[in-house]
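Residue-level structural notes
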Amino acid sequence: MRLLCVEDNSTLRKMIDLMLASTGIDVDFAQNGQEAVEAYQVNEYDAVVMDMEMPVMSGLRAAREIRQMEDGFHLGYTPILFLTGHEGDDHVDLGFEAGGDGHLTKPFTSEALIGAIDSVLKTRHHDGLGQMLRAMR
């Protein structure tokens with residue numbers, strides 16, 4: 001399984017890398033939405049974990065651009081899990097309006113992150129993270 005993680009906070013990127021290390025997931029990292037769009041153009045991902053608010057290009061705008069590329073080039077659908085420090089329903093709604101499939105509020109545990117990734121994978125006709133990891137072994 002290949003995941004794109006888009007987060008401008010270097011400490012949180014390291015934490016996410018550690019949280020996912022034991023899963024065997026291949027994780028690519030980007031620091032902002034523009035880097036995410038560029039990575040998406042040249043790589044295939046099973047899911048994207050993306051901060052909503054970043055410099056250069058927000059995660060919301062990047063998600064919209066990814067969805068436009070999927071539609072314009074008839075690409076497969078890639079689930080997007082948004083990360084945010086805001087708990088309000090308005091942020092959840094903004095994420096879904098931008099094309100996101102799930103929402104995880106910071107701070108979070110490794111179990112919450114893995115569970116949220118599993119959830120967005122299942123919502124888009126995937127077998128979920130557990131099935132994918134078992135298939136890789």
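What counts as what
- Residues numbered from 1 in each chain as written.
- Predicted model: local features only at pLDDT ≥ 70, side-chain atom pairs only at ≥ 80, totals over all residues.
- Heavy atoms only, no water.
- Core = buried A, V, L, I, M, F, W, Y, C linked by side-chain atoms within 4.5 Å.
- Buried < 20%, exposed > 50% of the residue type's maximum accessible area, 1.4 Å probe, protein only.
- Helix = DSSP H or I, 4+ residues; strand = E, 2+ residues; numbered from the N terminus.
- Contact = heavy atoms within 4.5 Å.
- Axes fitted to C-alpha atoms, helices over the stretch in contact; angles between N-to-C directions.
- Parallel < 35°, antiparallel > 145°, perpendicular 65-115°, else oblique.
- Left-handed = near helix turned anticlockwise from the far one by under 90°.
- Nonpolar A, V, L, I, M, F, W, Y, C, P; charged D, E, K, R; others polar.
- Polar contact = N/O pair within 3.5 Å; in protein donor to acceptor, adjacent residues only side chain to side chain.
- Phe/Tyr/Trp six-rings, centres within 6.5 Å; stacked < 30°, edge-to-face > 60°.
- Lys NZ or Arg CZ within 6 Å of the ring centre and 35° of its normal.
- Pairing = 2+ DSSP bridges.
- Right-handed = clockwise from strand over helix to strand, strands pointing away.

Quick look at the nonpolar core now. Core analysis: the biggest nonpolar cluster contains 21 residues, and Leu 4, Val 6, Met 50, Ile 80 and Phe 82 have the highest contact counts within it. Going through the elements one at a time, strand E1 (2-6), helix H2 (33-42), strand E3 (47-51), helix H3 (59-72) and strand E4 (80-84) are the ones with two or more residues in this core. If you tally residues by element for this core, the top one is H3, at 5 residues. When sequence neighbours within four positions are dropped, the list of residues in contact with Val 6 reads Ala 30, Asn 32, Gly 33, Ala 36, Val 48, Val 49, Met 50, Asp 51 and Met 54. Listed in part, the 20 residues of the second largest apolar core include Leu 20, Val 49, Ile 117 and Val 120.

Quick look at the packing of H2 against H3 now. Any two packed helices are characterised by how steeply their axes cross, that is the angle between the axes, and by the distance between the axes. Where H2 contacts H3, the axes come no closer than 9 Å and their chain directions differ by 20°. The orientation of H2 with respect to H3, classified from their angle, is roughly parallel. For H2 against H3, the interelement crossing comes out right-handed. Contact with H2, carried on its side by Gly 33, Val 37, Tyr 40 and Gln 41, involves Ala 62, Glu 65, Ile 66, Met 69 and Glu 70 of H3 and no other residues of that element. Residues that form the contact of H2 with H3 fall into these classes: 5 nonpolar, 2 polar and 2 charged.

The next thing to look at is the side chain of Asp 28. Along the chain, Asp 28 falls in strand E2 (residues 26-30). Side-chain polar atoms of Asp 28 contact the side chain of Tyr 45, separated by 2.8 Å.

Once that is clear, we can look at the packing of aromatic side chains. Following the criterion strictly, the structure yields 0 aromatic pairs and no others. The side chain of Arg 67 reaches across the aromatic face of Tyr 77, ending 3.9 Å from its centre.

Bringing the packing of helix H1 (residues 10-21) against helix H5 (residues 110-123) into the picture now. Between H1 and H5, the shortest axis-to-axis distance is 10 Å and the interhelical angle comes to 75°. Accordingly, the angle class assigned to the pair H1 and H5 is roughly perpendicular. Touching Ile 16, Met 19 and Leu 20 of H1 are Ser 110, Leu 113, Ile 114 and Ile 117, all from H5. Taken together, the residues of the contact of H1 with H5 sort by class into 6 nonpolar, 1 polar and no charged.

Each regular strand displays side chains that alternate between the two surfaces of the sheet. With 5 of 5 residues buried, E3 lies mostly within the body of the structure. Residues Ala 47, Val 49 and Asp 51 point to one face of E3 and Val 48 and Met 50 to the other, with burial holding for every one of them. The pairing of E1 with E3 spans 4 bridges and is classified as parallel. In the sheet register, Val 6 faces E3, and the bridge partner there is Met 50. Crossover E3 to E4 through H3 is right-handed.

Positionally, Thr 123 belongs in helix H5. Overall, the relative accessible area of 40% leaves Thr 123 in the partly exposed class. In the structure, Thr 123 is positioned 22 residues away from Asp 101 in sequence and 7.5 Å away in space, judged by C-alpha atoms.

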